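# Architecture and fold: a report
Here are the chains, one letter per residue:
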Amino acid sequence: MGATPKRVQASISSFFKTKPTAAATAEPTAAASAASAIAAEKVEPPASVKKTRSAGASPARPAIKRQRKAETPQSIPVVPTTPEDDQTEADEDEDATDQQLASTTMLFSNLHVQGTHVQVVHRTLHKKYTPLEAQVLDIKAQHPSTLLAVEVGYKYRFFGEDARIASQVLGIMCTQAKNTNFYNASVPAPRLLVHVRRLVLAGFRVGIVRQQETAAVKATGENRSAPFVRQLAEVYTVGTMLEEVGAEEQGRAPWIVSISQQSNGRRTGLVAAQVSTGMLLMDEFGDDAICSEMATRLEHVAPAELLLPAGLARDTRLALAAYCGRPIGAEAPGSPGEEPPLLEHVGRPGPRIARLAPAAAVVSAAEQCARLGIAAAPGILDMPALASAALAQLLAYLAPMGLAQGIMAQGAPEPFHTQAHMLLSQTTLRALDVFGAQQSLFATMDRTCTAPGRRLLRRWVGHPLADLRRLQERVDAVGWLRDRAQGGAGCWAAARAGLARVGVDLDRGLCRILHAQAQPPELLRIMDGFARAARVVGAIEGPELGPGQAQGQGQGQAQGQAQPPGLLAGALRALAARSASVGGLVRGWLAQVDRTQARGGHKPQLFTPASAHHAELRRHHTQIAALTQALDLGAESVGRQLKQPGFAFRSVSGVEYLIDVRRTQAVPGDWLRAGNGTKTHLRYQTPEAVRLLAERERCRADLAAAAARAYAEFLGEIAADGLAELRALVSALATLDALLGLAELAATPGYTQPALSDCPEAHLRLVDAVHPMAAAQQPGYVANSLSLGGGAEAPGPRALVLTGPNAGGKSSLARTAALVAIMAQAGSFVPARQARLSLLDGIHVRMGAHDNILRGESTFMVEMRETAGILRRCTPKSLALLDELGRGTSTHDGAAIAYAVLAQLLEARPMVLFVTHYAHVAAGFARDPRVAAAHMAFVEKPAAAESGAVPEVAFLYRLAEGVSADSFGLNVARIAGLPHSLLVRAQDCAQRMRVDIESRRAAARARALQAAVAKCKQRPT
């Protein structure tokens, strides 16, 4: 690489000698301008820098004609670092200069020259703008809440505050060149979507502004001297970005939730959409003062984006603020309902919030479909009013992104919750670690092989069944598969292997096709995935089941094999029926594409003669071939003029059909110079070659446009002809995958099939049960047995008051009971030697301690609110877990509240696990047959009996009858590593407090005895 040009060296020197100043000043430093010029690769090198290079040097980017700003105002000089449209003319020695400047650019690669103040892009009076800036201002005025990436030549550029954000998130340089009005940053076009994804995940709404004409078409058009026409072509947000289907999928896709509400805030409508998979859920519900019902639904779907209308009730906004982790204002701050993107928004917690204008929330879903001109899905008219309004908001939000039609094409929303399922509340999901963490209940149960199966299992776990018939079918199917797998049936192992080979998320692939976003390499992967999915049923129809049994023909009975249970049999029948039709469809689609061209992403050469699109594209190819042939034939004429038999054209730096002659050689006067040549040679093109090349470029542009149209039509044909069949296959495949995953879990040592029943009052009998997540991580986990509830035949306590030492396993035991119940009603085997339980209609948990700053609620206030919710919702078929209730206030108040809450729960008759350190609470119910007392066993070491010694306790982690006399908090403090001197002081203080309390009690008893004696003496004999 050549030496660094002197002018650039001077710029670098001045940059490092100049003290940093605010980039927002009217005249940026010369170094900043130089840095901007180098970073943008648009410096016009002076003659002293230009160097020649011999022909045949290393290749560079193709030459693109540089377009000057003819319409730039005379008062604003043309800035060579920011010419309109980046259309550069690059011959071989310009490429040499680029290579030299690349070394200088590396010096600035880690310098983010950012502005120090907010620079929102908007038009200002008495300020003149370049044509490109004026164009960006117009687009930004229409989309103020969108971060814009503007196509400028072979790069995409950000302006103003958008550039500062891009610099921060993407780690690229942000500069402001001299005589320009805005900061700017740029990314290369081939890497655009990679950078867009990072901006979207940072919480921004990102729009891509594309040039609507190619350079070849523009050069022959009437607007050849005007700026390129640009329009906002695509918009992405975290909830609507359909990411490319990859080889490995995690099964989680972002949700976007739209909320609508009555003016008084008493009822709420909610619609949740998973745009990348096509899943759509809806609900309408009443709520309490803390909006616990809404919080529960948000916790289940964990939305990445929230659509909120103006005028939400204050309680709703406070609940949303608590969920999102940041305040939410009452009204939309911007005209379109959203605030403009600012640098300070980077890294904000919680989901992205889109505030909708009031006009967007006043129509029903059917009316919104009519406004947008899209077909309404069947069942839309039957939706509740508020849920319909929420769907209307969602469709209005998705319409500019081109996603509304695809959402409606996949059907009406499904109910979020039905009476056949148990709805786990937000506090229950969090306290029991059902979702979220790597060691959550769902992660422990997940043995699925496909993304659709993983999502289905997640819904089963989050919405346990409360319908005994359906639940028994699921459990029986899991048990049947486990027995066959343990009996050596290899077909089920082969089926799981076939599921694992599917390799792609078929739901996401279908949505990418439906929204015409799947590119040829991706489409090939999706089609191959469906082909492999269609072959899964072939592994099942083997010697064990018999041919055709998957279709329900009963051939297995003839071989002495029991038929699969109803749920599994239905899934196998659906899988077999759809596999044949889908296999034929996929073969037909694949026959229309060339696999080699599809892997390379070449749309013009994609279709085979079997496709209806081949003929049209072939016509364009023929025109281009004819022009290329005419260009090649021109070599003979040039050879005759130069008297060089066998002459051949040359190509340099992407410029074709060049005539390379010595500078001393005479050439015809109509030949056109092409570039600057070298020291010894000049390069020319004939007028005919220039004309034919321009014509060929136009034909190539027409071919690219025709190929894009043909490919979009091909995707539309796939969606129209096969969407229903493909969806049905994926659904059957997901059911089989989820059942096989649960069967593999059921084969884990120590798991058993639960005995289920449906009784008016809930009961629970567990023998040697373990915590599913803890036992998976700790092989030596201690099992425990537990019995609660029962009917008239086998009466038992409705509540268990559980005491014991700190860290002795009380909370783990309580969680074990709840987690086993969730697993059983999800259709899974459970980690116990024996499990008998009746169906629950709810599991209500009050555990842990946290405050709610955004609602102004203390830890104890949150505790009391959650307890109030449990008291309202509990029924005789519920399970309630309360852990250390009342610890957030004084001992007397806390103990009194704990006693009163337990008494209230006994009247409602749910099963209760009441964990407490208030031993006298248990004593207060000692004679109540509805309450049993137990503690976690321990052994106190002999040294602890000495006066003043810090207690040392060995935990046994086993449930024992009776009440624990002490909680041994100092033992946990010792284990935690508190200083010994502190522990001794605390132990001394504790003993003095005990003596003081005992003396007070003794004095009170003495006074009572004296009063009784005095009263007896006053009685007449």
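Up top is the structure these notes are about.
The sections below set out a description of the structure shown in this document.

### Brief notes about the overall build of the protein
Counting its regular elements, the protein contains 32 helices and 27 strands. Within the span of the protein, comprising 1021 residues, buried residues form 50% of the whole. When the accessible surface of the protein is split by element, carbon and sulfur atoms take 54% of a total near 45300 Å².

### A look at the packing of aromatic side chains
Within this structure, the stated rule accounts for 10 aromatic pairs. Taking the centre distance of 6.3 Å and the plane angle of 50° together, the rings of tryptophan 671 and tyrosine 684 count as tilted. Here tyrosine 684 lies in strand 15 (residues 681–685) and tryptophan 671 lies in the loop between strand 13 (655–662) and strand 14 (672–673), a separation of 13 residues in the sequence. As far as the burial class goes, tryptophan 671 and tyrosine 684 line up, both buried. With centroids separated by 5.8 Å and ring planes inclined at 55°, the aromatic side chains of phenylalanine 955 and tyrosine 957 adopt a geometry described as tilted. Classification of tyrosine 957 by relative accessible area gives partly exposed; the value is 37%. By the ring-pair criterion, three or more aromatic residues cluster together here, those being Phe647, Phe649 and Tyr657. Cation over ring: arginine 297 sits above phenylalanine 285, and NZ or CZ is 4.2 Å from the ring centre. Here the basic side chain of arginine 458 rests over the ring of phenylalanine 435, its NZ or CZ set 3.9 Å away from the ring centre.

### Description of the sheet that holds strand 18 (residues 763–769)
Here we have 4 strands laid out as an open sheet, ordered 17-22-18-19, and mixed in their pairing. Strands at the two margins of the open sheet, each flanked by one partner only, are strand 17 (755–757) and strand 19 (784–789). For this sheet, the mean inter-axis angle between neighbouring strands, taken without regard to orientation, is 10°. Two elements, strand 17 and strand 22 (residues 834–838), share 3 bridges in a ladder whose sense is parallel. Looking at the pairing, serine 757 lines up with serine 838 of strand 22.

### Focus: the side chain of serine 579
Inspection of the secondary structure puts serine 579 in helix 22 (residues 566–590). Classification of serine 579 as buried rests on a relative accessible area of 6%. Engagement of the side chain of serine 579 in a polar contact is seen with the backbone oxygen of alanine 534, the distance being 3.4 Å. Only 2.5 Å separates the side chain of serine 579 from the backbone oxygen of leucine 575, close enough to count as a polar contact. Ignoring sequence-local partners within four residues, the contact set of serine 579 consists of Ala533, Ala534, Val537 and Leu729.

### Things to note about the packing of helix 18 (residues 506–514) against helix 25 (residues 687–746)
Axis separation between helix 18 and helix 25 bottoms out at 10 Å; the angle between their running directions is 165°. What the angle tells us is that helix 18 and helix 25 run roughly antiparallel. Seen from above, helix 18 lies across helix 25 with left-handed handedness. Contacts between helix 18 and helix 25 pair Leu506, Asp507, Leu510, Cys511, Ile513 and Leu514 from the former with Leu715, Ile718, Ala719, Leu723, Leu726, Arg727, Val730 and Leu733 from the latter. Across the contact of helix 18 with helix 25, the residue classes tally to 12 nonpolar, no polar and 2 charged.

### Observations regarding the pattern of salt bridges
Summed over all chains, the structure comprises 42 salt bridges. Here glutamate 293 makes a salt bridge to arginine 297, at a shortest N to O gap of 2.8 Å. Taken together, the positions of glutamate 293 and arginine 297, both in helix 8 (residues 292–301) and 4 residues apart, correspond to about one turn of that helix. With relative accessibility at 5%, the residue arginine 297 sits in the buried group. With its nearest N and O atoms 3.5 Å apart, the salt bridge here joins arginine 1001 to glutamate 998. Of the two residues, arginine 1001 and glutamate 998 both sit in helix 32 (residues 980–1018), 3 residues apart, roughly one turn of that helix. Where salt bridges share partners, they join Arg455, Asp505, Asp507, Arg508 and Arg727 into one cluster.

### Describing a negative patch on the surface
Residues Glu616, Glu713, Glu717 and Asp721 make up a contiguous surface patch of negative charge. For the negative patch, the leading source of residues is helix 25, giving 3 residues. Relative to the assigned elements, glutamate 616 resides in helix 24 (residues 614–642). For glutamate 616, a relative accessible area of 35% corresponds to the partly exposed category.

### Some remarks on the pairing of strand 7 (residues 267–274)
Most of strand 7 sits inside the fold, with 7 of its 8 residues counted as buried. Bridging between strand 6 (residues 256–261) and strand 7 involves 6 bridges; their strand directions are antiparallel. Bridged to isoleucine 256 within strand 7 is alanine 273. Here strand 6 folds back onto strand 7 in antiparallel fashion, the turn holding 5 residues, of which glycine 265 has a positive phi close to 75°. Bridge analysis of strand 7 against strand 8 (residues 279–286) gives 8 bridges, and the strand direction is antiparallel. Paired with valine 271 across the two strands is methionine 282, which belongs to strand 8. The hairpin turn running from strand 7 into strand 8, its antiparallel successor, is 4 residues long, and glycine 278 in that turn takes a positive phi close to 85°.

### Quick word on the nonpolar core
Ranked by internal contacts, the top residues of the largest apolar core, which has 124 residues, are Trp492, Met527, Phe530, Leu568, Leu736 and Ile843. By residue number, the principal contributor to this core is helix 25, which donates 27 residues.

### So, the pairing of strand 4 (residues 206–211)
Extensive coverage of strand 4 is indicated by the burial of 5 of its 6 residues. Pairing geometry for strand 1 (residues 147–152) and strand 4, over 4 bridges, is parallel. Across the sheet, the residue bridging to leucine 147 is valine 206, located in strand 4.

### Things to note about the packing of helix 19 (residues 520–534) against helix 22
Think of two packed helices as two axes; the pair is described by the angle between the axes and how far apart they sit. In contact at an axis separation of 9 Å, helix 19 and helix 22 are set at 150° when each is read in the N-to-C sense. When the interaxial angle is binned, helix 19 and helix 22 end up roughly antiparallel. With respect to the hand of their crossing, helix 19 and helix 22 are arranged in left-handed fashion. Listed contacts from helix 22 to Leu524, Met527, Asp528, Phe530, Ala531, Ala533 and Ala534 of helix 19 are Ser579, Val582, Gly583, Val586, Trp589 and Leu590. Broken down by class, the residue content of the contact of helix 19 with helix 22 amounts to 10 nonpolar, 2 polar and 1 charged.

Cut-offs used in this document
Residues numbered from 1 in each chain as written. Predicted model: local features only at pLDDT ≥ 70, side-chain atom pairs only at ≥ 80, totals over all residues. Heavy atoms only, no water. Helix = DSSP H or I, 4+ residues; strand = E, 2+ residues; numbered from the N terminus. Buried < 20%, exposed > 50% of the residue type's maximum accessible area, 1.4 Å probe, protein only. Areas by Shrake-Rupley, 256 points an atom, 1.4 Å probe, with all protein chains shown as cover. Phe/Tyr/Trp six-rings, centres within 6.5 Å; stacked < 30°, edge-to-face > 60°. Lys NZ or Arg CZ within 6 Å of the ring centre and 35° of its normal. Pairing = 2+ DSSP bridges. Axes fitted to C-alpha atoms, helices over the stretch in contact; angles between N-to-C directions. Polar contact = N/O pair within 3.5 Å; in protein donor to acceptor, adjacent residues only side chain to side chain. Contact = heavy atoms within 4.5 Å. Parallel < 35°, antiparallel > 145°, perpendicular 65-115°, else oblique. Left-handed = near helix turned anticlockwise from the far one by under 90°. Nonpolar A, V, L, I, M, F, W, Y, C, P; charged D, E, K, R; others polar. Salt bridge = Lys/Arg side-chain N within 4 Å of Asp/Glu carboxyl O. Patch = residues over 30% accessible without salt bridge, like charges linked within 9 Å, V, L, I, M, F, W, Y side chains within 5 Å. Lys, Arg positive; Asp, Glu negative; His and termini not counted. Charge placed at Lys NZ, Arg CZ, Asp CG, Glu CD. Core = buried A, V, L, I, M, F, W, Y, C linked by side-chain atoms within 4.5 Å.

It is worth stressing that arrangement in space is one thing and function is another; only the former is reported here.
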